Amino acid sequence: MCGILGILLSDPSIDAATEICEGLALLQHRGQDACGIVTCGTKGRLYQCKANGMVRDVFDVGAIGRLIGSMGVGHVRYPTAGSSAHAEAQPFYVNSPYGIVFAHNGNLINTLPLLKYMDAEAHRHINTSSDSELLLNIFANNLQKTGKFRINEEDIFTAVGGLMDECKGAYACVAMLAGFGLIAFRDPNGIRPVGVGVRKVEGGGKDYMVASENVVADASGFGEWEDVKPGEAVIITRTSVSRRQVCAPAIFAPDIFEYVYFARPDSVLDGISVYRSRMAMGDMLAEEVRRVLAEKQLSVDVVIPVPDTSRVAALNLAQSLNLPYREGFVKNRYVGRTFIMPGQQQRRKNVRRKLNAMALEFSGKNVLLVDDSIVRGTTSKEIVQMAKDVGAKKVIVASCAPPIRFSNVYGIDMPSRHELVAHNRDNNSIAAAIGADLVIFQTLPDLISSVRRFNPSITTFDCSVFTGEYVTGGVDEEYLAHLEQLRGDIVRHRLGETKRELGVAKDAIAEKDKGGGRGLVNAADDTVGLYNSWRGESRATLI
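Residues numbered from 1 in each chain as written. Predicted model: local features only at pLDDT ≥ 70, side-chain atom pairs only at ≥ 80, totals over all residues. Heavy atoms only, no water.

A. Up close: the overall build of the protein chain. Secondary structure assignment for the protein chain yields 18 helices and 21 strands. Look at the contacts in the protein chain between residues 6 or more apart in sequence, and 71% of them connect residues 24 or more apart. Summed over its atoms, the accessible surface of the protein chain is roughly 22,000 Å², and 51% of this surface lies on carbon and sulfur atoms. (Helix = DSSP H or I, 4+ residues; strand = E, 2+ residues; numbered from the N terminus. Contact = heavy atoms within 4.5 Å. Areas by Shrake-Rupley, 256 points an atom, 1.4 Å probe, with all protein chains shown as cover.)

B. Fine view of the packing of helix α4 (residues 111-122) against helix α5 (residues 131-144). Viewed as axis vectors pointing N to C, α4 and α5 meet at an angle of 45°, and their least axial separation amounts to 11 Å. For the element pair α4 / α5, the angle class is oblique. Seen along the crossing, α4 lies across α5 with a hand that is left-handed. Two secondary-structure elements touch here, α4 through Thr 111, Leu 114, Leu 115, Tyr 117, Met 118 and Ala 122 and α5 through Asp 131, Leu 134, Asn 137, Ile 138 and Asn 141. Class assignment for the residues of the contact of α4 with α5 results in 7 nonpolar, 3 polar and 1 charged. (Axes fitted to C-alpha atoms, helices over the stretch in contact; angles between N-to-C directions. Parallel < 35°, antiparallel > 145°, perpendicular 65-115°, else oblique. Left-handed = near helix turned anticlockwise from the far one by under 90°. Nonpolar A, V, L, I, M, F, W, Y, C, P; charged D, E, K, R; others polar.)

C. Region of interest: the side chain of Thr 128. Along the polypeptide, Thr 128 turns up in the loop between α4 and α5. A distance of 2.8 Å separates polar atoms of two side chains, one belonging to Thr 128 and the other to Glu 133. Setting aside its immediate chain neighbours within four residues, Thr 128 contacts Ala 87, Glu 88, Phe 92 and Glu 133. (Polar contact = N/O pair within 3.5 Å; in protein donor to acceptor, adjacent residues only side chain to side chain.)

D. The packing of helix α9 (residues 274-296) against helix α15 (residues 444-452), seen in detail. In the contact formed by α9 and α15, the axes pass within 8 Å of each other and the chain directions differ by 145°. Seen along the crossing, α9 lies across α15 with a hand that is right-handed. Between α9, through Ser 277, Ala 280, Met 281 and Met 284, and α15, the contact on the second element is made entirely by Asp 446, Leu 447, Ser 449, Ser 450 and Val 451. Of the residues contributing to the contact of α9 with α15, the split by class is 5 nonpolar, 3 polar and 1 charged.

E. Structural view of empty space enclosed by the protein. In total, this model carries 2 cavities of 30 Å³ or more according to the counting rule given. Within this model, the second largest cavity holds a volume of roughly 50 Å³. In terms of lining residues, the second largest cavity is bounded by Val 306, Leu 369, Val 370, Asp 371, Ser 380, Ile 383, Val 384 and Val 397. For the lining of the second largest cavity, the residue count by class is 6 nonpolar, 1 polar and 1 charged. (1 Å grid on protein atoms, 1.4 Å probe; cavity = no way out; pocket = protein on both sides within 12 Å on 5 of 7 lines; lining within 4 Å. Points joined across faces, edges and corners; volume = space filled by probe spheres on them.)

F. A look at the pairing of strand β10 (residues 206-211). Buried residues dominate β10, accounting for 5 of its 6 residues. As defined by bridge partners, strand β1 (residues 2-8) adjoins β10 across 4 bridges and the pair is classed as antiparallel. Residue pairing in the sheet places Ile 7 in a bridge with Met 209 of β10. Pairing of strand β9 (residues 195-200) with β10 involves 6 bridges; the strand directions are antiparallel. Each bridged residue has a counterpart across the sheet, and for Val 196 the counterpart in β10 is Val 210. (Buried < 20%, exposed > 50% of the residue type's maximum accessible area, 1.4 Å probe, protein only. Pairing = 2+ DSSP bridges.)

G. Main features of the packing of aromatic side chains. This model, assessed by the stated rule, comprises 9 aromatic pairs. When the ring of Tyr 171 is compared with that of Phe 185, the centres are 6.3 Å apart and the planes differ by 70°; the resulting orientation is edge-to-face. Of the two residues, Tyr 171 sits in strand β7 (residues 169-177) while Phe 185 sits in strand β8 (residues 181-186), which places them 14 residues apart along the sequence. Each member of the pair, Tyr 171 as well as Phe 185, carries the same accessibility label: buried. Among the aromatic residues, those joined into a cluster by ring pairs are Phe 102, Phe 139, Tyr 171 and Phe 185. The ring of Phe 149 has Arg 150 lying over it, and the distance from NZ or CZ to the ring centre is 4.4 Å. (Phe/Tyr/Trp six-rings, centres within 6.5 Å; stacked < 30°, edge-to-face > 60°. Lys NZ or Arg CZ within 6 Å of the ring centre and 35° of its normal.)

H. Fine view of the sheet that holds strand β12 (residues 232-236). Taken in spatial order, the 6 strands of this open sheet run β5-β6-β7-β8-β12-β13, and their pairing is antiparallel. Two strands in the sheet have a free side with no partner beyond their single neighbour: β5 (92-94) and β13 (241-245). Strand-to-strand, the axes of this sheet are offset by a mean angle of 20°, without reference to chain direction. Two elements, β8 and β12, share 4 bridges in a ladder whose sense is antiparallel. Within β12, the position partnered with Ala 184 by the bridge is Val 234. Here α5 sits on the sheet in contact with β5, β6 (100-108), β7 and β8, set at roughly 125° to β6.

I. The arrangement of the nonpolar core in detail. By size, the foremost hydrophobic cluster in this structure holds 46 residues, and its most contacted members are Phe 257, Val 289, Leu 317, Leu 368 and Phe 466. Elements that contribute at least two residues to this core include exactly α8 (257-262), α9, α10 (311-321), β19 (366-371), β20 (394-399), β21 (438-441), α15 and α16 (464-467). A per-element tally of this core places α9 first, with 7 residues. Beyond its immediate sequence surroundings of up to four residues, Leu 317 is in contact with Gly 282, Leu 285, Ala 286, Val 289, Val 303, Leu 368 and Val 370. Phe 102, Leu 114, Ile 156 and Cys 167 belong to the second largest nonpolar core, which has 34 residues in total. (Core = buried A, V, L, I, M, F, W, Y, C linked by side-chain atoms within 4.5 Å.)

J. A look at the sheet that holds β9. One open sheet holds the 7 strands; their spatial order is β3-β2-β4-β1-β10-β9-β11, and the pairing between them is antiparallel. The open sheet has two edge strands, β3 (46-52) and β11 (223-227), and neither has a second partner. For this sheet, the mean inter-axis angle between neighbouring strands, taken without regard to orientation, is 10°. Where strand β2 (residues 34-40) lies against strand β4 (residues 71-77), 7 bridges are found, and the strand directions are antiparallel. Across the sheet, residue Cys 35 finds its bridge partner in β4, namely Val 76.

K. View of helix α6 (residues 153-166). Taking 1.5 Å of rise per residue, 14 residues should cover 20 Å, and α6 covers 20 Å from first to last C-alpha, within 8% of that figure. For α6, the full list of buried residues reads Asp 155, Ile 156, Phe 157, Ala 159, Val 160, Gly 161, Gly 162, Leu 163 and Met 164. The backbone nitrogen of Glu 154 has a side-chain oxygen 3.1 Å away, supplied by the residue at the start of α6, namely Asn 152. (Expected span 1.5 Å × (residues − 1).)

L. Representation of the pairing of strand β16 (residues 302-305). Residue alternation in β16 divides its side chains into two sets, Val 302 and Ile 304 and Val 303 and Pro 305, and both sets are buried. Pairing of β16 with β19, which is carried by 4 bridges, proceeds in the parallel orientation. Following the sheet pairing, Val 302 is matched in β19 by Val 367.

M. Fine view of the pattern of salt bridges. According to the stated counting rule, one finds 26 salt bridges in the structure shown. For Arg 199, the salt bridge goes to Glu 19, with nearest N and O atoms at 2.8 Å. Here Glu 19 lies in helix α1 (residues 17-26) and Arg 199 lies in strand β9, a separation of 180 residues in the sequence. Comparing Arg 199 with Glu 19, the two get one shared label, buried. With a closest N to O distance of 2.9 Å, Glu 327 and Arg 311 form a salt bridge. Taken together, the positions of Glu 327 in the loop between α10 and β17 (329-331) and Arg 311 in helix α10 put the pair 16 residues apart, joining distant regions of the chain. Given a relative accessible area of 30%, Glu 327 falls into the partly exposed group. Three or more residues are tied together by salt bridges with common partners; here these are Arg 30, Arg 192, Glu 213, Asp 255 and Glu 258. (Salt bridge = Lys/Arg side-chain N within 4 Å of Asp/Glu carboxyl O.)

Everything listed here is a matter of geometry and, on its own, says nothing about what the molecule does.
Below you can see the structure in the form of C-alpha cells.
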C-alpha cells in the first residue's frame, strides 16, 4: 500500500515542497519504507529528493529548501512488488517525452506481457522491478505515439485511455508533466482511492491537490473534494480542470480493507466515512460475539482494543454488550506499524517494543481483545501471550474482519497464502495457532453491510482476501505462485542482503575514486536526469 500526493499552486513564485512534505506525513500510515518528492520549477526544471525512510527522516529543512517549484508530486511507499532498494522509491521520472513524473498506488497483475511489449515493441528500458515504473513508461509511450512537439489535453486523455486498456490490476496515479500540470487517474474498478481538492486564494486563483485520502486536503485547507471515478482521468493546469471518462467503467469495487485497516479514521473514501464504518463494524461484531459467547457458555469481564485501528470498533462493541471498555495496552508511538514491516522476525520483535500490557486491566479477568483483522497471526500471538503473561484468565480475540485466507494482488502486502494464519484453518485451529482460548470473526455480509450502509450506491467491494474472488479477473494459480515467489519474505530477505552487499561495493568504489581510480564507467547514478540527488544533496546534474 502506498500514498500519493500532488499539488499545483496558483502562484508560481511559491514553492510547493513544504505542503507536499506535510501532506506526506499525514499519509505516512500508508507506507513507511520510502518516500520522495519531485517538484517542477521555472522552464520545466525538475528537482528531486527521495530515499528509504520515514518522511521526518528524509526531508529536513535543507532538503525541502532545494525542492524548487510551485508544482510537485510526492509518494510514501512500502514494497508490494519489486524490492526495497532506494532506486525503487517514488516518484519515478522519464525525460521522454516532455518530462513526466509519476507516483502510483496499487499493483498490476499483467506485468510480464507488458514488460515484453516494452522491450520488443516500445523499445523502452525498465530499470527496476517496480510495476510503477512500468506504468509510467506505458503512459510515456502512449504520449510518444502522438509525435507532436507539444501535446494537448485530448492527447493526454487518449494516452490514459490506452493505458487503461493495456494495464490490468489496481492503480491510483498522479503524474506531472514538466511545465504543464498534473494528471490523476484511477483504474476502471476503482480499487484504490484518489481524489482532488481545491483551495481558493486571494486574487481569485485556485490551488489544487491530488491525494490518496481527503484528510490531507482537510488539513491543508483544500475543499470541494471529489473522488476520481473509476476509469476517469483528471487534467489540472493553472487555468482549467478537465475530467473525462477515458475507459468504460467496470464493476466499481473499492477495496474493503481500506475501511478495515489502512485508511485513517478521519478520512472519507468514496463518500463513506472510515470512522462511521468502523463504528458500524463494532456494532455488527457485538452481535456475533453475543451469539458465540452464549453458544460456548462463556462470559467476558472487559473489552480491550489492540491499538490503534480497532479502538473505534471496540468502543462500540463494548457499549453494545454493556461491558467495560479499557485501554489495556500502552503503545509506543515511535515504532512503525508491524503489519507492513517486511520480515516475520522483525514483526515479532517489534510487537513487544510497540505495546506494553498493563496488568491492572488483565489480571484475573476474562478478556475480549478486539482487533481490526488477523493477517499472519504474528502480532496476535504475541499480544495474546502478553495478556496471559500479566495474568489474564481467558483471552478471547474478536476480529472486525472475516478470516483472511487468500493473497491480495492489488497492492496490499499479503503475498503468500501459507503465511496467512487463517489459510486452510478453521476458527478453532486459528485460536490454537495464536494461543487464544477462542477467536470470533466478523461475518463477510456484516462487514459489507457496515461499510455499504453509508453509500448504498456502491454495490460491490473487493473482498478477495476473504473470498479468493478477484474482481479484475486474470488471477489464476500460476499468477499467485509467481506473486508469492516475487514478494515472499524469503526473497525480500535475500534482496536486503544483496542491497547491503551493493552498499559495501559502492563505498569501496567511492574510496577508490578518492584515490584517483576511475571506478565503474557505466555505474548507475541515483540522480539520472534530475537536478539534485535522491538524498537531497545539492548536485549540478541537470536535465
